[in-house]
Amino acid sequence: MKEKIINYQFYHWGPFLYRTQVDKKSLEKIKKLCKIKNKKDYRKNLAGLLKQEYGIDKNKIFTILSGYFNSYIKASVEHYKCSYTGKQIVMESAWVNYMVKNEINPLHTHSKDLSFVLFIKVPKNLKKEVEETVSSDSKPGSVNFVNDLKDNKFYISANNFIPEVGDLFIFPASLHHYVNSFKSNGERISISGNLEIIK
């Protein structure tokens, strides 16, 4: 019997989570920004239980990463089939996190419209620690994005990633996310910020 051809449509649903790799030249520029002295303690503005979180120059970060933010807008237009004509992205805030073993960034959201996280350093032994972890889903040092806390087998409600140097995630600021602790020695350095879409 000949198989019947069935025409169908499907719809992208939920938050648009974007992941890319930042080029090495841009990473080096950002690393230099993180080394500037007289850093402003930014912990009172953040959810993380980290000892070292500092504000950084949002305009300089924006200049370096603007191409990636524009790429996000283009990709989200394709994803949502919407238009951002006449709108622009502005950086509202930016900071750097120096995360070490046993520290944690609990479940939280951000302000404004979009947020991002860029990983510029990962502990050398983290990959080995991840491989030795028995848990099937959440791993040490993973960054986890959660759209729905309910367990529903018919849709994907969460995504988690073991970050690599250069990984850049851009996502709606209202998307819940958290970072697991790890036991490996060394720092995991990430840059984060909030973006606003204006007319």
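Structural data are supplied above this passage.
A brief report on the enclosed structure follows.

Definitions and cut-offs
Residues numbered from 1 in each chain as written. Predicted model: local features only at pLDDT ≥ 70, side-chain atom pairs only at ≥ 80, totals over all residues. Heavy atoms only, no water. Phe/Tyr/Trp six-rings, centres within 6.5 Å; stacked < 30°, edge-to-face > 60°. Helix = DSSP H or I, 4+ residues; strand = E, 2+ residues; numbered from the N terminus. Buried < 20%, exposed > 50% of the residue type's maximum accessible area, 1.4 Å probe, protein only. Core = buried A, V, L, I, M, F, W, Y, C linked by side-chain atoms within 4.5 Å. Contact = heavy atoms within 4.5 Å. Lys, Arg positive; Asp, Glu negative; His and termini not counted. Salt bridge = Lys/Arg side-chain N within 4 Å of Asp/Glu carboxyl O. Pairing = 2+ DSSP bridges. Expected span 1.5 Å × (residues − 1). Bend = angle between axes of the 7 residues up to and from the residue. Polar contact = N/O pair within 3.5 Å; in protein donor to acceptor, adjacent residues only side chain to side chain. Axes fitted to C-alpha atoms, helices over the stretch in contact; angles between N-to-C directions. Parallel < 35°, antiparallel > 145°, perpendicular 65-115°, else oblique. Nonpolar A, V, L, I, M, F, W, Y, C, P; charged D, E, K, R; others polar. Arc of directions from axis to C-beta.

### Details of the packing of aromatic side chains
Taken as a whole and assessed by the stated rule, the structure comprises twelve aromatic pairs. Arranged with centres 6.2 Å apart and planes meeting at 65°, the rings of F145 and F161 form a pair that is edge-to-face. Of the two residues, F145 sits in strand β7 (residues 143-146) while F161 sits in strand β8 (residues 158-161), which places them 16 residues apart along the sequence. Each member of the pair F145 and F161 is classed as buried. Aromatic rings pair up to connect F119, F145, F161, F169 and F171 into one cluster.

### Overview of the nonpolar core
With 30 residues, the main nonpolar core has I30, I61, L65, F116, L118 and I191 as its most contacted residues. Of all elements in the fold, only α1 (24-34), α2 (58-80), β4 (88-99), β6 (114-121), β9 (167-172) and β11 (188-198) reach the threshold of two or more residues within this core. Among the elements that make up this core, the one with the highest residue count is α2 (seven residues). Those residues in contact with L65 that sit more than four places away from it in its chain are V22, I30, F116 and L118. Counting 15 residues, the second-largest nonpolar core is a separate cluster that includes M99, F119, F171 and V179.

### Comments concerning the side chain of E53
Tracing the chain through its elements places E53 in strand β3 (residues 52-55). R43 provides the closest opposite charge to the buried, unpaired E53, separated from it by 5.7 Å. In this view, E53 contacts K40, D41, Y42, R43, L46, G48, V96 and N97; residues no more than four positions away in its chain are not counted.

### Some points on the pairing of strand β10 (residues 176-179)
Two faces make up the sheet, and in a regular strand the side chains alternate between them. Here β10 shows a clear split, with H177 and V179 buried on one side and none of H176 and Y178 buried on the other. Where strand β5 (residues 105-108) and β10 come together, two bridges link them in antiparallel fashion. From the neighbouring strand, H108 faces β10, where its bridge partner is H177. The pairing of β7 with β10 spans four bridges and is classified as antiparallel. Residue pairing across strands places V143 opposite V179, the latter belonging to β10.

### A word on α2
Helical periodicity: at 3.6 residues per turn, an α-helix aligns residues three or four positions apart in one direction. When the terminal C-alpha atoms of α2 are compared, their 28 Å separation across 23 residues is substantially less than the 33 Å that a helix rising 1.5 Å per residue should span. For α2, the principal kink sits at L65 and spans about 60°. Where the residues of α2 are buried, they touch β1 (18-21), α1, β4, β6, β9 and β11. Capping the start of α2 is the job of one residue whose side-chain oxygen sits 3.0 Å from the backbone nitrogen of N59: D57.

### Focus on the side chain of D148
Here D148 is to be found in the loop between β7 and β8. Leaving out residues up to four positions away in the same chain, D148 has contacts with Y155 and S157.

### Considering the packing of α1 against α2
In the contact formed by α1 and α2, the axes pass within 10 Å of each other and the chain directions differ by 175°. Between α1 and α2, the crossing angle belongs to the class labelled roughly antiparallel. Residue-level contacts link S26, K29, I30 and L33 of α1 to K60, I61, I64 and L65 of α2. Looking at side-chain class alone, the contact of α1 with α2 contains five nonpolar, one polar and two charged residues.

### As for α1
When α1 is considered as a whole, its buried residues turn out to be S26, L27, I30, L33 and C34. Across the axial projection of α1, the buried residues extend over an arc of 115°, all falling on one side. Opposite the packed face of α1, turned more than 90 degrees from it, sit the exposed residues K24, K25 and K32. On its buried face, α1 is in contact with α2, β4, β6 and β11. You can read the cap of α1 off the contacts: a side-chain oxygen lies 3.3 Å from the backbone nitrogen of K25, and it is on D23.

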